[in-house]
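# Observations on the three-dimensional arrangement
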Amino acid sequence: MQKKNYRWLLTSFLFFLGWVFMYADRTILSPIQSLIQQEFGISSTEVGLISSVFFLIYTAVQIPSGLFGDRYGRTKIIFIGFMIFGIATGLTGLVTSFAILLMVRFLAGFGEGFYYGPQYAVSNDSTPEEFRALGFALINSGQAVGVTLGLIGSSYIAYTLDMGWRMPFYLYAIPTILLGFVILFFVPDVHKARKAEAKKTGTTSNAGSWSSVLSILGSRNLFTIFFVEFCSVYGFFVMVTWLPQYLTEVKGIAPSETGAVSSLVAWTSVPSAIILARLSDKFQARKPILLTLIPLSIIAIGALMYWESWSSVVISLVAYGIVGKLVCDPMLLALTSQYAPPDKRSSVYGMFNCIAMLGAILAPVFTGWIKDQTTSFNSGFYLAMGLLIVGWLALWTVGTGSKSQATN
């Protein structure tokens, strides 16, 4: 038992680091996008396009990477992705035109697309069921740390140290590549043993094939959970992509301070996610807790728009951190595991993220377009709130279901 718990904690820690570097890479742009806009002479819509191009390919890769993980080995797929996106991160600092910048961010998104489905499948297999949401929360807290590392690090390096917007990409590339090797050699892939046993016993499965996609999407409960995550992701990436600029233009906060202020969302989410995930495991109350958190996150976004004082802005951001997307994710992932066949988990989580990350594609560019058309961010934030309401209503339709027959 001790060995099993040790492997679970080690796997969770390494996957935590994986999210740290992935989210750092994604949020480097936010504090420095005004510098990029000035250098290349681009509009707000084109600034949003940088993130949208990244997430376009990231989303497109989700289903194939999940299928490949189920078929060829999950840790192997994760390693390949880290090599690609780590190199692309370094290359971002070398670009000389807006077109090349889009191409390199496209490559980074391609590499990061290999992580989600295989990683959550491995962690699901490695983590005892009674700690599953907690395990996901510990791993997901790397997203919060990565957001902070990207926002504060980028802002500090570019503005305080006056090293320009390119340097953060150079500094984050090397540890990203090294982590890929560590995951390859130290994270066990339980799925390999399961496939070997199935082959030995003559058990057949369509796991890893394109025919399995239709069977997964045919599950009403799974598809509904996927949609709820889409609504949550859209609102989150409106915040992540545009919050620093919004705080400067609307709330009058200095650009050098927006990274630290914006990171409040990430930091406050960590203890909340861990505590609520543990409670959801203990009482098997994932859906009730989610039905409470989503309306509270809608209120927090609305309060950010209407409150003007510095203290009110801080309160709104802390509130969103406590109840928002980063806190909801572990419970949505654990809820997904109740309906995911063990041999198709990489594919299920790949589809989960593929549908969800459509929100990350649409949110940056569409919010930028709204800003260009109206000269105001408010309509973009209203749209995010509206989608969260729709997602909350959809969540009510998810049945209790039976848990998957996974063995740990």
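Residues numbered from 1 in each chain as written. Predicted model: local features only at pLDDT ≥ 70, side-chain atom pairs only at ≥ 80, totals over all residues. Heavy atoms only, no water.

### Focus on the overall build of the protein chain
We apply this condition: By the criteria applied, helices consist of DSSP H or I runs no shorter than four residues and strands consist of E runs no shorter than two, each listed in order from the N terminus. Put simply, the radius of gyration uses C-alpha atoms, and a globule should come to 2.2 Å times the residue count raised to 0.38. Exposure is judged per residue with a 1.4 Å probe applied to protein chains only, and the accessible area is read against the type maximum: over 50% gives exposed, under 20% gives buried, and values in between give partly exposed. Residue contacts follow a heavy-atom distance rule, with two residues in contact if any of their heavy atoms lie within 4.5 Å.
Summing up its helical and strand segments, the protein chain has 19 helices and zero strands in all. The C-alpha atoms of the protein chain give a radius of gyration of 20 Å, which matches the 22 Å a tight globule of 408 residues would have. Overall, the protein chain is about 65 × 45 × 40 Å in size when its C-alpha atoms are taken along their principal axes. Counting across all 408 residues of the protein chain, residues that qualify as buried make up 60%. Here the analysis covers contacts within the protein chain between residues at least 6 apart in sequence; of these, 86% occur between residues at least 24 apart.

### Some details on the side chain of Thr11
By secondary structure assignment, the location of Thr11 is in helix α1 (residues 2–27). If sequence neighbours within four positions are ignored, Thr11 has contacts with Val122, Ser126, Val187 and Pro188.

### Quick word on the packing of helix α4 (residues 74–92) against helix α5 (residues 98–112)
To characterise two packed helices, one gives the angle between the axes of the helices and the distance between these axes. How we decide: For every element, the axis is a line fit to its C-alpha atoms; helices are fit only across the contacting stretch, and the angle between N-to-C directions ranges from 0 to 180 degrees. Should an angle lie under 35 degrees it is considered roughly parallel, over 145 roughly antiparallel, and from 65 to 115 roughly perpendicular; all remaining angles are considered oblique. Crossing chirality is assigned from the near helix's rotation relative to the far helix, an anticlockwise turn below a right angle marking it left-handed and a clockwise turn marking it right-handed. Under the convention adopted here, Pro, Cys and the residues Ala, Val, Leu, Ile, Met, Phe, Trp and Tyr are nonpolar, Asp, Glu, Lys and Arg are charged, and Gly plus all remaining residues are polar.
Look at α4 against α5: their axes get within 7 Å of each other, and the N-to-C directions meet at 155°. Viewed along their axes, α4 and α5 adopt a mutual orientation that is roughly antiparallel. As for the relative orientation of α4 and α5, their crossing is left-handed in sense. Here α4 contributes Gly81, Ile84, Phe85, Ala88, Leu91 and Thr92 to the contact with α5, which in turn contributes Leu101, Val104, Arg105, Leu107, Ala108, Phe110, Gly111 and Glu112. Here the contact of α4 with α5 is composed, by residue class, of nine nonpolar, three polar and two charged.

### A short note on helix α19 (residues 378–395)
Worth spelling out the cut-off: By this rule the span expected of a helix is its residue count minus one, scaled by 1.5 Å.
Helix length check: α19, at 18 residues, gives a terminal C-alpha distance of 26 Å against a target of 26 Å (1.5 Å per residue), a fit within 8%. Taken together, the buried residues of α19 touch α11 (220–249), α14 (286–306), α16 (325–337) and α18 (358–374).

### A closer look at the confidence of the model for the protein chain
Basically, it comes down to this: Residue-level confidence of the predictor, termed pLDDT, takes values from 0 up to 100.
Of all residues in the protein chain, 91% attain a pLDDT of 70 or more, and the chain-wide mean is 86. Every residue in residues 401–408 is under pLDDT 50, and counting partners more than four places away or in other chains gives 22 contacts.

### A few points about the packing of helix α3 (residues 44–72) against helix α6 (residues 116–126)
Where α3 contacts α6, the two axes come as close as 7 Å, and the packing angle between them is 45°. It follows from the interaxial angle that α3 and α6 lie oblique. Residues Tyr58, Gln62, Ser65, Gly66 and Gly69 of α3 lie in contact with α6, whose contacting residues are Tyr116, Gly117 and Pro118.

### Here we look at the nonpolar core
Short version of the rule: Only buried residues count toward a nonpolar core, which is a set of Ala, Val, Leu, Ile, Met, Phe, Trp, Tyr and Cys residues joined through side-chain atoms within 4.5 Å.
In terms of nonpolar packing, the biggest core is built from 123 residues, with Trp19, Ile36, Phe82, Phe237 and Phe381 touching the most fellow members. With 17 residues, the single largest contributor to this core is α11. If near-sequence neighbours (up to four positions away) are discounted, Phe82 is found in contact with Gly18, Met22, Tyr115, Thr176, Leu179, Gly180 and Ile183.

### Describing the packing of aromatic side chains
Operational definition: In summary, the pairing rule links any two rings of Phe, Tyr or Trp, Trp by its six-membered ring, whose centres are within 6.5 Å, and it sorts them by plane angle into stacked for under 30 degrees, edge-to-face for over 60 and tilted for everything else.
Summed over all chains, the structure comprises 27 aromatic pairs. Judged by centre distance (6.1 Å) and plane angle (80°), the ring pair of Phe15 and Tyr115 falls under edge-to-face. Taken together, the positions of Phe15 in helix α1 and Tyr115 in the loop between α5 and α6 put the pair 100 residues apart, joining distant regions of the chain. As far as the burial class goes, Phe15 and Tyr115 line up, both buried. When the ring of Phe82 is compared with that of Tyr115, the centres are 5.5 Å apart and the planes differ by 75°; the resulting orientation is edge-to-face. Placement of the pair is Phe82 in helix α4 and Tyr115 in the loop between α5 and α6, with a sequence separation of 33 residues.

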